[in-house]
Amino acid sequence: MSGHKKIIIGNWKMHFTVKQAAAFATKFISKSVPADVLVGVTPNCLALSEVSGVLSKSAINVVSQNAYYEDEGAFTGEVSMPMLRGLADFVLVGHSERRHILRESNDYTREKCAAAFRSGIVPILCVGETLVERQNYHTNQVLNDQLSVGLADLTTEEVSKMIIAYEPVWAIGTGEYARPEDVEKAVAKIRAEVTSLYGAIAGASVKVLYGGSVTRENARSYLEINGIDGLFVGGASLSVANFLANSRNCRVSLVLKLNKKKKEA
Ligand code: 13P
């Protein structure tokens, strides 16, 4: 819930060789990364082991970009959730690029969220509407469908622990960014839907991030949104300087909010 530790996850997507990913991690932890922000990076599966080793003594979290929902078997080319144990703290589920380019369905995200928890890995379920859906006023319906199916096999305790990333598809990698007031509405909708499915405690405890053309310049406008817990950053997480600036933005916004609360008390 807003007011908790802020979260910033960098989505490296299909960038960085193993060597480059390890070099990024080494350089990143040599800087002063704010300790009161939950920071995560997402190496590709080849680089997971190396990056996880580099970050093992740091507080930085490792996020897997993907994993299959079966625990083992004849699934050529796939990596399972149990294989991520000890290497990743979180796993992405339903990122829009997987939904729209790789045809992952809501049912697939449901299986993956449940499989992640079976292996002790926390899923980050990505949700969001396309431009056409938005233009047709279907945003709320899309969020409802993605959440009601994606979360269907989880317990209330599991939902309370997980992260949901609101990423409007039309704002990803396009430089088009969503207006903070629209993001606020979507975040409220997400919390309301989780509340109606799993109750008020889950609705308040689930962490909600915004992603879509976040930069070091616009980051704070999103961090000030009611009910938001942090940011999911693509392009602007690929340089150590930018990602560090975004992490510090999370810290600054946290301190500002705490000060505001103190004054109000
Ligand atoms: P961009 O920040 O490059 O728009 O990507 C966002 C994203 O896909 C995060 O998962």
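1. Examining the environment of Ala35
- In this structure, Ala35 sits in the loop between α1 (18-30) and β2 (37-41).
- For the pair Ala35 and Lys5, spaced 30 residues apart in sequence, the C-alpha separation works out to 9.7 Å.

2. Structural notes on the sheet that holds strand β3 (residues 61-64)
- Judged by pairing direction, the barrel is parallel, and its 8 strands sit side by side in the order β1-β2-β3-β4-β5-β6-β7-β8 before closing back on the first. Sheet twist, expressed as the average angle between the axes of neighbouring strands with direction ignored, equals 25°.
- Taken together, the 4 bridges between strand β6 (residues 163-166) and strand β7 (residues 207-211) define a ladder with parallel strand orientation. The residue of β7 that forms the bridge with Ile163 is Lys207.
- Relative to strand β5 (residues 122-127), helix α5 (residues 106-118) is tilted by about 160°, and along the sheet it contacts β4 (90-93) and β5.

3. Focus on unusual backbone geometry
- The phi dihedral of Lys13 is positive, around 50°, even though this residue is not glycine.
- The backbone of Arg103 sits at a positive phi, close to 65°, despite the residue not being glycine.
- Position of Arg103 relative to the elements: it lies in the loop between α4 (96-100) and α5.

4. Here we look at the side chain of Asn44
- Take Asn44: it is sitting in the loop between β2 and α2 (48-54).
- Engagement of the side chain of Asn44 in a polar contact is seen with the backbone oxygen of Phe16, the distance being 3.0 Å.
- Within the local environment of Asn44, its side chain forms a polar contact with the backbone nitrogen of Leu46, the two atoms lying 2.9 Å apart.
- The residues touching Asn44, leaving out its near neighbours within four places in the chain, are His15, Phe16 and Gln65.

5. Observations concerning the environment of Ser196
- As for its position among the elements, Ser196 is in helix α9 (residues 180-198).
- The exposure class of Ser196 is exposed, given its relative accessible area of 57%.
- When the C-alpha positions of Ser196 and Ser148 are compared, they lie 9.7 Å apart, and in sequence the two are 48 residues distant.

6. Some words on the nonpolar core
- By size, the foremost hydrophobic cluster in this structure holds 78 residues, and its most contacted members are Phe28, Leu151, Leu154, Met162, Val183, Ile190 and Tyr210.
- Looking at this core, the element that brings in the most residues is α9, giving 6 residues.
- If sequence neighbours within four positions are ignored, Leu151 has contacts with Leu125, Val159, Met162, Ile164, Val194 and Tyr198.

7. Details of the pairing of strand β8 (residues 230-233)
- Taken together, the 4 bridges between strand β1 (residues 6-10) and β8 define a ladder with parallel strand orientation. Residue pairing across strands places Gly10 opposite Val233, the latter belonging to β8.
- Pairing between β7 and β8: 3 bridges, direction parallel. Each residue of the ladder has a partner; that of Tyr210, found in β8, is Leu231.

8. Notes on the site of the ligand
- Surveying the vicinity of the ligand reveals 13 residues, the closest of which are Lys13, His95, Glu167, Gly173 and Ser213.
- Between Ser213 and the ligand, the recorded distance is 2.8 Å, taken from a backbone N or O atom to an oxygen atom.
- Between an oxygen atom of the ligand and a main-chain N or O atom of Gly234, the distance comes to 2.9 Å.
- Taken by itself the ligand offers 300 Å² of open surface, and the protein chains cover 95% of this.
- Residue composition of the shell around the ligand, grouped by class: 4 nonpolar, 7 polar and 2 charged.

What counts, and where the lines are drawn
- Residues numbered from 1 in each chain as written.
- Predicted model: local features only at pLDDT ≥ 70, side-chain atom pairs only at ≥ 80, totals over all residues.
- Heavy atoms only, no water.
- Helix = DSSP H or I, 4+ residues; strand = E, 2+ residues; numbered from the N terminus.
- Pairing = 2+ DSSP bridges.
- Axes fitted to C-alpha atoms, helices over the stretch in contact; angles between N-to-C directions.
- Contact = heavy atoms within 4.5 Å.
- Polar contact = N/O pair within 3.5 Å; in protein donor to acceptor, adjacent residues only side chain to side chain.
- Buried < 20%, exposed > 50% of the residue type's maximum accessible area, 1.4 Å probe, protein only.
- Core = buried A, V, L, I, M, F, W, Y, C linked by side-chain atoms within 4.5 Å.
- Near = heavy atom within 4 Å.
- Areas by Shrake-Rupley, 256 points an atom, 1.4 Å probe, with all protein chains shown as cover.
- Nonpolar A, V, L, I, M, F, W, Y, C, P; charged D, E, K, R; others polar.

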